[in-house]
Amino acid sequence: MANTRSIRNKLFLLLIIMGALPLIVVTGISAMNTIDELEKNTEKIGLLRNSIVSQYVTELCEKNFHVLKSLALNPTIISCLQDPTPQRLRDVQNLLQDTNTIFHDRNLTALTGADAQQIVRTDGQPLVNLSGRQHFHEAMYGRDFVSDILISRSTGRRIVVLEVPVKDRLNHPIGMVQRNFNLDVLQDFVRDYDNDEGSIIVMDRVGKTIAHSDEKEFSLQNEDENNGRYKYIADQIKGDSGILKIRIDGVDVLASYSKNWTTNWIIVTVQPYNQIWDQVYLGVFKSVLLGMIILILIFVAAYVLSLKVTKPLVQITDAADKIISGNGKIEKIEINTDDEFGQMAAAFNKIRSARDAYQLESELDTLTRLYNKTTTENVGRMKLKNFREIPNNDTIMALFIIDLDHFKEANDTYGHQFGDKVLVEFSRNLRKKFRPNDCIGRFGGDEFVVIIDNLPSMEIVLRKARDIKQVALDLVIEGVNSGVTASIGIAIIPQDGTDYETVFKAADSALYYVKNNGRNGFYYKNADGIN
């Protein structure tokens, strides 16, 4: 009974003291947390909006590419490029006109020969020579391409060009088919999707503005004023997505940015800081009001709570045991008493120890801060499960197994500390080459695994493999080239399987082939050889 009375007195005095503090504490903490939470929320909302615009851009491009690729395989098109007789030109003209009806738009479809001279176009404008256009040269390299903003030589309008090469039986480019995409439809979509809280800007690779949700600030016809106006945003962008704190026209803003994989265009959602501060002020006002209510309630409830202290303490202890299944960092509580407060401290410390042990075991490699082997395997299985559950899935996944060649020699020559720095620096540079949601893990020693999903084509897989290879070649530690290279085995999903064990075995087999055939390269089952 004496012990209960002691706890009751402690709690009553504590509540009385705390009664004077809630207004200050709640207001201060709320203001700081609100700013941080609103910035994070702004980034999440901005990236979500960017993703929707990016998906719309991708769908527009894929629809055009699908039709252009069908045209590029048409025998009439190929024959006309090889021998453009009057009858074949008429047949191609009719074919392109018929194709235009698929789109229900006024965009141009044109056929160009290997000499860069247009042969047929559907808009009746004069034929032009495209030798000075990048998209023509990309076609002659045999690549599909989406151009940056161009000024049409025949109409003077701002356009982007989607082109697909036409190839002969020997797979040599002999011309190209293209569609000139007027930007009105994208501008309309961005304008209609925007809200009053911010703006959406779409820029090409060199920072020229393609679309802007604020029509007062942007006109598709006003090339001189808007050309490259937001290029300084593009110059600050690092990686595929993120957030910038910058000034636009003298206004502090948060700019959430992301890149579209099909076009490499940059999509930016901008929200002025003053809108965030308006919400902060509202949150602070609510906190002050809540603090005053709490102040009154604490004085009223202090005496009642102190009389019934034993039951609430037991309930708090039980609640602490349940927190073990929740999220968030829990600090160790230093209370060494024999009363119920001591029980509560012991319960929280038990939770903290269990959570820390679990996270240390299941998440990160202690040296490189990449996923450890267990987490990498779990994430890989989850991504493969999601891949299998998508109906009519037309994307691919890739699993890379990376082994650093000559790592042991570097370790033996310069010491284990140098070797550790090689692993850490390689991991840091490797992480820069991939998206935030890609799985990058270290399996131990000098072996790494990367798993990427939602890929539209093998081109991205090969580009990432070349990036990995270059990261190893460029690795410099304390002014000394590390001397390591990368052998990379690749498995493609679904071609090499859809379950983790099968896919991993395929990648491991490909790695074995590279290691036994000169190293410093990458290979997958259907490749012509090591690259």
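What counts, and where the lines are drawn
Residues numbered from 1 in each chain as written. Predicted model: local features only at pLDDT ≥ 70, side-chain atom pairs only at ≥ 80, totals over all residues. Heavy atoms only, no water. Phe/Tyr/Trp six-rings, centres within 6.5 Å; stacked < 30°, edge-to-face > 60°. Helix = DSSP H or I, 4+ residues; strand = E, 2+ residues; numbered from the N terminus. Buried < 20%, exposed > 50% of the residue type's maximum accessible area, 1.4 Å probe, protein only. Pairing = 2+ DSSP bridges. Axes fitted to C-alpha atoms, helices over the stretch in contact; angles between N-to-C directions. Contact = heavy atoms within 4.5 Å. Core = buried A, V, L, I, M, F, W, Y, C linked by side-chain atoms within 4.5 Å. Polar contact = N/O pair within 3.5 Å; in protein donor to acceptor, adjacent residues only side chain to side chain. Parallel < 35°, antiparallel > 145°, perpendicular 65-115°, else oblique. Nonpolar A, V, L, I, M, F, W, Y, C, P; charged D, E, K, R; others polar. 1 Å grid on protein atoms, 1.4 Å probe; cavity = no way out; pocket = protein on both sides within 12 Å on 5 of 7 lines; lining within 4 Å. Points joined across faces, edges and corners; volume = space filled by probe spheres on them.

**Digging into the packing of aromatic side chains**
Reasoning step 1: A full pass over the atoms with the stated rule returns 7 aromatic pairs.
Reasoning step 2: A ring pair is formed by Tyr56 and Phe189, whose centres lie 3.8 Å apart and whose planes are at 0°; its orientation type is stacked. Taken together, the residues span a long stretch of sequence, with Tyr56 in helix α2 (residues 22-72) and Phe189 in helix α6 (residues 184-193) at a distance of 133 residues.
Reasoning step 3: The partly exposed category is assigned to Phe189, whose relative accessible area is 21%.
Reasoning step 4: A centroid spacing of 4.5 Å and a plane angle of 35° characterise the contact between Tyr414 and Phe418, whose relative ring orientation is tilted.
Reasoning step 5: Look at Tyr414 and you get partly exposed, because its relative accessible area is 46%.
Reasoning step 6: Here a set of aromatic residues connected by ring pairs shows up, and it is made of Phe443, Tyr500 and Phe504.

**Here's the deal with the sheet that holds strand β13 (residues 439-444)**
Reasoning step 1: Strand order in the open sheet made by the 5 strands is β13-β14-β12-β17-β18, with mixed pairing throughout. In this open sheet, the two edge strands, each paired with only one partner strand, are β13 and β18 (521-523). For this sheet the average axis-to-axis angle between neighbouring strands, irrespective of direction, equals 20°.
Reasoning step 2: One ladder, built from 7 bridges, connects strand β12 (residues 396-405) with strand β14 (residues 447-455); its direction is antiparallel. Paired with Ala398 across the two strands is Ile452, which belongs to β14.
Reasoning step 3: Those strands touched by helix α14 (residues 416-432) are β12, β13 and β14, and its axis lies near 155° from that of β12.

**Regarding the side chain of Thr376**
Reasoning step 1: Counting through the fold element by element, Thr376 comes out in helix α12 (residues 373-389).
Reasoning step 2: The class of Thr376 is buried, set by a relative accessible area of 0%.
Reasoning step 3: Contact partners of Thr376, with chain neighbours within four places excluded, come to Tyr371, Cys439, Gly441, Arg442, Phe443, Val449 and Ile451.

**Thoughts on the nonpolar core**
Reasoning step 1: Counting residues in hydrophobic clusters, the biggest one holds 38 residues, and the most contacted among them are Phe400, Ile402, Phe426 and Ile490.
Reasoning step 2: Going through the elements one at a time, β12, α13 (407-414), α14, β14, α15 (458-473), β17 (485-493), α16 (500-515) and β18 are the ones with two or more residues in this core.
Reasoning step 3: Broken down by element, this core gets its largest block of residues, 6 residues, from α15.
Reasoning step 4: Ranked by size, the runner-up nonpolar core spans 37 residues in total, among them Val53, Val57, Val190 and Ile200.

**Describing the environment of Thr269**
Reasoning step 1: Along the polypeptide, Thr269 turns up in strand β11 (residues 266-272).
Reasoning step 2: In this structure Thr269 comes out as buried when scored by relative accessible area, which is 9%.
Reasoning step 3: Spatially, the C-alpha atom of Thr269 lies 6.9 Å from that of Gly198, the residues being 71 residues apart in sequence.
Reasoning step 4: Not counting residues up to four positions away in its chain, the partners in contact with Thr269 are Gly46, Arg49, Asn50, Ser199, Ile200, Leu254, Ala255 and Ser256.
Reasoning step 5: A polar contact is formed between the side chain of Thr269 and the backbone oxygen of Gly46, at a distance of 3.5 Å.

**Some thoughts on the packing of α13 against α14**
Reasoning step 1: Running from N to C, α13 and α14 cross one another at 140°; their axes reach a closest spacing of 6 Å. As summarised for this structure, α13 and α14 are arranged oblique, according to the angle between their axes. Where α13 approaches α14, its residues Phe407, Ala410, Asn411 and Tyr414 are matched on the opposing element by His416, Phe418, Gly419, Val422 and Leu423.
Reasoning step 2: In the contact of α13 with α14, the residues fall into 6 nonpolar, 3 polar and no charged.

**Examining the sheet that holds strand β10 (residues 251-259)**
Reasoning step 1: The antiparallel open sheet is built from 5 strands, whose spatial order is β8-β7-β11-β10-β9. Each end of this open sheet is capped by a strand with a single partner; those strands are β8 (209-212) and β9 (241-248). Neighbour-to-neighbour, the strand axes of the sheet open up by a mean angle of 25°, direction not taken into account.
Reasoning step 2: Pairing of β9 with β10 involves 8 bridges; the strand directions are antiparallel. Paired with Gly242 across the strands is Tyr257, a residue of β10.
Reasoning step 3: Against the sheet, α6 makes contact with β7 (199-203) and β8, and its axis sits at roughly 40° relative to β8, the strand it touches most.

**What to know about unusual backbone geometry**
Reasoning step 1: In the segment running from Ile493 into Pro494, the intervening peptide bond is cis, with an omega of 15°.
Reasoning step 2: Structurally, the position occupied by Pro494 is in the loop between β17 and α16.
Reasoning step 3: The phi dihedral of Arg369 is positive, around 65°, even though this residue is not glycine.
Reasoning step 4: Looking at the secondary structure, you find Arg369 in the loop between α11 (340-362) and α12.
Reasoning step 5: Overall, the relative accessible area of 48% leaves Arg369 in the partly exposed class.
Reasoning step 6: Even without being a glycine, Asn392 presents a positive backbone phi close to 50°.
Reasoning step 7: Looking at the element boundaries, Asn392 is found in the loop between α12 and β12.

**Some remarks on the layout of surface pockets**
Reasoning step 1: As a volume, the largest pocket reaches approximately 1,600 Å³.
Reasoning step 2: Of all the elements, α2 adds the most residues to the lining of the largest pocket, at 9 residues.
Reasoning step 3: Among the residues forming the lining of the largest pocket, the class breakdown is 10 nonpolar, 17 polar and 12 charged.
Reasoning step 4: By volume, the second largest pocket amounts to about 400 Å³.
Reasoning step 5: Elements with a contribution of two residues or more to the lining of the second largest pocket: α14 and α15.

Purely geometric numbers; function is a separate question.
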